[in-house]
Amino acid sequence: MSLKSEVEKMPGYNSLVKPWHYLQAVRAGMKNGWPAKKIKVIAVTGTNGKTSTCFFIWKMLNEAGHRTGVMTTIGWGVEEIEPQIEHMTTESVGILNERMRKIQETGAEYLVLETTSHALSQSRILGVPIEIAVFTNLTPEHLDYHKTFEKYRVAKLKLFKKARFGVINADDPSADWFSDSVRKYAHGDIKTYGIRQGELRATEVELLSTGVKYLCGDIKIETQVPGRFNVYNSLAAVAVGQRVGLTDEEIERGVHALDNVEGRMTDVKCGQDFTVIVDYAHQPDALEKVFESLGTVEGKVISVHGGAGRRDHGTREPRGEILGRYSDMVIITEDDSRDEDPAEIAEMFAKGAEKVGKVRGENLMIELDREKAIRRALMMARRGDLVLILGKGHEKTILRGDGPHEFEDIKVAEKILGEMRGEA
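Just so you know, these numbers come straight off a predicted model, no measurement behind them.

**Section: the overall build of the protein**
Here is step 1 of the chain: The secondary structure content of the protein amounts to 16 helices and 20 strands.
Here is step 2 of the chain: Each of the 424 residues in the protein was classed as buried or not, and the buried ones make up 56%.
Here is step 3 of the chain: For the protein, contacts bridging at least 24 residues in sequence account for 71% of all contacts bridging at least 6.

As structure tokens, then:
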């Protein structure tokens, strides 16, 4: 266990370092000339769906002729997206301000910013005026940091207290709390969206293997990215589009223009006769949504997943249960174990899978080497099967006890599939 991780566990550590975070934010803002004040910022927060929602908005605005930058878990840029190497969604405040300045200097009119509860708690977006704040959904996450769900939710609310306009998912259990709080504390208006309720409502929803289709009033939305959750993600973009004055045609064209989001339901195609999907899902709610979005699978479902070290221990066993419930074969492997023992992390997941009937050596395996785990899953797949590689998505490295190592789920899967086809 490193000294840093031990110090971070001290009672009240987060509160003690808040002044330091604030001073860092002021210094970074001043050094870069407070770049966010020269651009209109659309900030997206929530537990799941933030990245895809950001990219829907970014693509839609650029397609409509509004030069727009984006900064997300995956990458940042305006026309060309630079990969995000850091294992955090909203970058450290120094990098954040430097990249905002570079985007602003390109002449961008808008910036779509993926914003986490950590960033809000640590003053990383100090001096960033928020034109529009978007709320996707909320389920328990980062409780190792926030300690309670209530504190986590309050951290998210900070974004809306800064915003001129709010976009809120009306189908989420926290929607009324956010709406009431925004009306009470913030000076901006709000627009709600959803499938079951909301001012903007998706109707006649069709879930296809190639995307989703639905109506929103007179607007006909068809996405190129699949999954029921992308009804919500694209609906949030519709709300933003209406707020900035886009026409129905510009919204339709812009939403459809997004053809993929790296590491989000990414279909890895190398000529094999089974399906391979890589997704970033690493929380119980996100895992449930991935499995629910799959529809009918012709063959077996083989899942590869693991848990990161120094992250919510309480989600590990439930995630194992979800994997066991929806998968025919579960392979538990490493994730960013950091300074935790990956074998101990894997045992927690295995315990959950065993709760719902999985048996070690039959339909439950532990393979701590992630590349070997992916190889095992691909080697056992047959025609019509589905291999799900979950948890890391777009990430370019894996964090082990001795530091970061280059590792990309998509590239590893492509390499192994190529070897299986005799292309190596």
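**Concerning the sheet that holds strand E7 (residues 163-169)**
Here is step 1 of the chain: Reading across the sheet, the nine strands line up as E4-E3-E2-E5-E1-E6-E7-E8-E9 and stay open at both edges, with mixed pairing between neighbours. The open sheet is flanked by strand E4 (81-83) and strand E9 (200-201), the only strands paired with a single partner.
Here is step 2 of the chain: Packing against the sheet, helix H10 (residues 229-243) makes contact with strand E1 (40-45), strand E6 (130-135), E7, strand E8 (189-194) and E9, and its axis sits at approximately 145 degrees to E8.

**Things to note about the nonpolar core**
Here is step 1 of the chain: By size, the foremost hydrophobic cluster in this structure holds 41 residues, and its most contacted members are Ile57, Val134 and Tyr214.
Here is step 2 of the chain: Among the elements that line this core, the one with the most residues is H10, at eight residues.

**Quick notes on the pattern of salt bridges**
Here is step 1 of the chain: Enumeration over the complete set of coordinates arrives at 25 salt bridges.
Here is step 2 of the chain: Measuring nitrogen to oxygen at the nearest pair gives 3.6 Å for the salt bridge that ties glutamate 321 to arginine 325. Taken together, the residues span about one helical turn, with glutamate 321 and arginine 325 both in helix H13 (residues 316-326) at a distance of four residues.
Here is step 3 of the chain: Classification of arginine 325 as partly exposed rests on a relative accessible area of 45%.
Here is step 4 of the chain: Note that glutamate 371 and lysine 415 form a salt bridge whose closest N and O atoms lie 2.5 Å from each other. Remark: lysine 415 occurs in helix H16 (residues 409-420) and glutamate 371 occurs in helix H15 (residues 370-380); sequence separation between them is 44 residues.
Here is step 5 of the chain: Residue classification places lysine 415 among the partly exposed residues on the basis of a relative accessible area of 39%.

**Observations regarding the packing of helix H4 (residues 50-63) against H10**
Here is step 1 of the chain: Two elements in contact, H4 and H10, have axes whose closest approach is 8 Å; the angle formed by their N-to-C orientations is 40 degrees. By the angle class used here, H4 and H10 are oblique. As for the relative orientation of H4 and H10, their crossing is right-handed in sense. Note on element contacts: H10 touches H4 through Asn230, Asn233, Ser234, Ala236, Ala237, Val240 and Gly241, opposite Ser52, Thr53, Phe56, Ile57 and Met60.
Here is step 2 of the chain: Looking at side-chain class alone, the contact of H4 with H10 contains six nonpolar, six polar and no charged residues.

**Concerning H15**
Here is step 1 of the chain: What H15 keeps buried is the set Arg370, Ala373, Ile374, Ala377 and Leu378. On an axial view of H15, the arc spanned by its buried residues comes to 130 degrees, and they lie on one face.
Here is step 2 of the chain: Against strand E14 (275-279), strand E15 (301-305), strand E16 (329-332), strand E18 (386-390), strand E19 (397-400) and H16 lie the buried residues of H15.
Here is step 3 of the chain: The N-terminus of H15 is capped by aspartate 369, whose side-chain oxygen sits 3.1 Å from the backbone nitrogen of glutamate 371.

**A look at the environment of isoleucine 389**
Here is step 1 of the chain: Along the chain, isoleucine 389 falls in strand E18.
Here is step 2 of the chain: For the pair isoleucine 389 and alanine 281, spaced 108 residues apart in the sequence, the C-alpha separation amounts to 9.4 Å.
Here is step 3 of the chain: When residues no more than four places from it in sequence are discounted, the contact partners of isoleucine 389 are Val276, Ile277, Val278, Asp279, Val304, Arg370, Ile374, Asp409 and Ala413.

**Some thoughts on the sheet that holds strand E17 (residues 364-366)**
Here is step 1 of the chain: The mixed open sheet is built from six strands, whose spatial order is E13-E14-E18-E15-E16-E17. Two strands bound the open sheet, and with one partner strand each, they are strand E13 (266-267) and E17.
Here is step 2 of the chain: As defined by bridge partners, E14 adjoins E18 across five bridges and the pair is classed as parallel. Paired with valine 278 across the two strands is isoleucine 389, which belongs to E18.

**Topic: the packing of helix H12 (residues 284-292) against H13**
Here is step 1 of the chain: Two elements in contact, H12 and H13, have axes separated by 9 Å at closest approach and are oriented at 10 degrees. Viewed along their axes, H12 and H13 adopt a mutual orientation that is roughly parallel. Contacts between H12 and H13 involve Pro284, Leu287, Glu288, Phe291 and Glu292 on the former and, on the latter, Arg319, Ile322, Leu323, Arg325 and Tyr326.
Here is step 2 of the chain: Of the residues that constitute the contact of H12 with H13, the class distribution is six nonpolar, no polar and four charged.

**Some thoughts on helix H5 (residues 93-105)**
Here is step 1 of the chain: With 13 residues, H5 extends 18 Å between its outermost C-alpha atoms, agreeing within 8% with the 18 Å of an ideal straight helix rising 1.5 Å per residue.
Here is step 2 of the chain: When we look at burial in H5, the residues that qualify are Val93, Leu96, Asn97, Arg99, Met100, Ile103 and Gln104. One face of H5 carries all of its buried residues, which in axial projection span an arc of 165 degrees.
Here is step 3 of the chain: A positive phi of about 90 degrees marks glycine 107, the residue just after H5.

**Some details on the side chain of lysine 392**
Here is step 1 of the chain: Within the secondary structure, lysine 392 sits in the loop between E18 and E19.
Here is step 2 of the chain: What makes lysine 392 buried here is its relative accessible area of 1%.

Criteria and cut-off values
- Along each chain, residues carry numbers from 1 onward, in the same order as the chain's sequence is written.
- Local features in this predicted model are restricted to residues of pLDDT 70 or higher, and side-chain atom pairs are both shown and tallied only at a pLDDT of 80 or more, whereas totals for entire chains, interfaces and linings draw on every residue.
- Remark: hydrogens and water are excluded; side-chain values derive from all non-hydrogen atoms of the structure.
- Helix numbers and strand numbers start at the N terminus; a helix is a DSSP run of H or I with at least 4 residues, a strand a run of E with at least 2.
- Whether a residue is buried, partly exposed or exposed follows from its accessible area with a 1.4 Å probe, protein chains only, as a fraction of its type maximum: under 20%, in between, or over 50%, in that order.
- It only takes one pair of heavy atoms within 4.5 Å for two residues to be counted as in contact.
- Any two strands with at least two DSSP bridges between them are considered paired.
- All axes are obtained by fitting lines to C-alpha atoms, using only the stretch in contact for helices, and the reported angles, taken between N-to-C directions, cover 0 to 180 degrees.
- Nonpolar cores are built from buried Ala, Val, Leu, Ile, Met, Phe, Trp, Tyr and Cys residues. Side-chain atoms within 4.5 Å join them into one set.
- Any Lys or Arg side-chain nitrogen found within 4 Å of a carboxyl oxygen on Asp or Glu counts as a salt bridge.
- We call two directions roughly parallel when the angle between them is under 35 degrees, roughly antiparallel when it is over 145, roughly perpendicular when it lies between 65 and 115, and oblique otherwise.
- Two helices crossing with the near one rotated counterclockwise from the far one by less than a right angle form a left-handed crossing, whereas a clockwise rotation gives a right-handed crossing.
- Three categories are distinguished: nonpolar for Ala, Val, Leu, Ile, Met, Phe, Trp, Tyr, Cys and Pro, charged for Asp, Glu, Lys and Arg, and polar for the others, with Gly belonging to the last.
- Starting at the helix axis, one direction is taken to each C-beta atom, and the arc is that of these directions.
- Two N or O atoms count as a polar contact when they lie within 3.5 Å, although within protein this holds only if one can serve as hydrogen donor and the other as acceptor, and sequence-adjacent residues are included solely when both atoms are side-chain atoms.
- Working rule for helices: expected span equals 1.5 Å times residues minus one.

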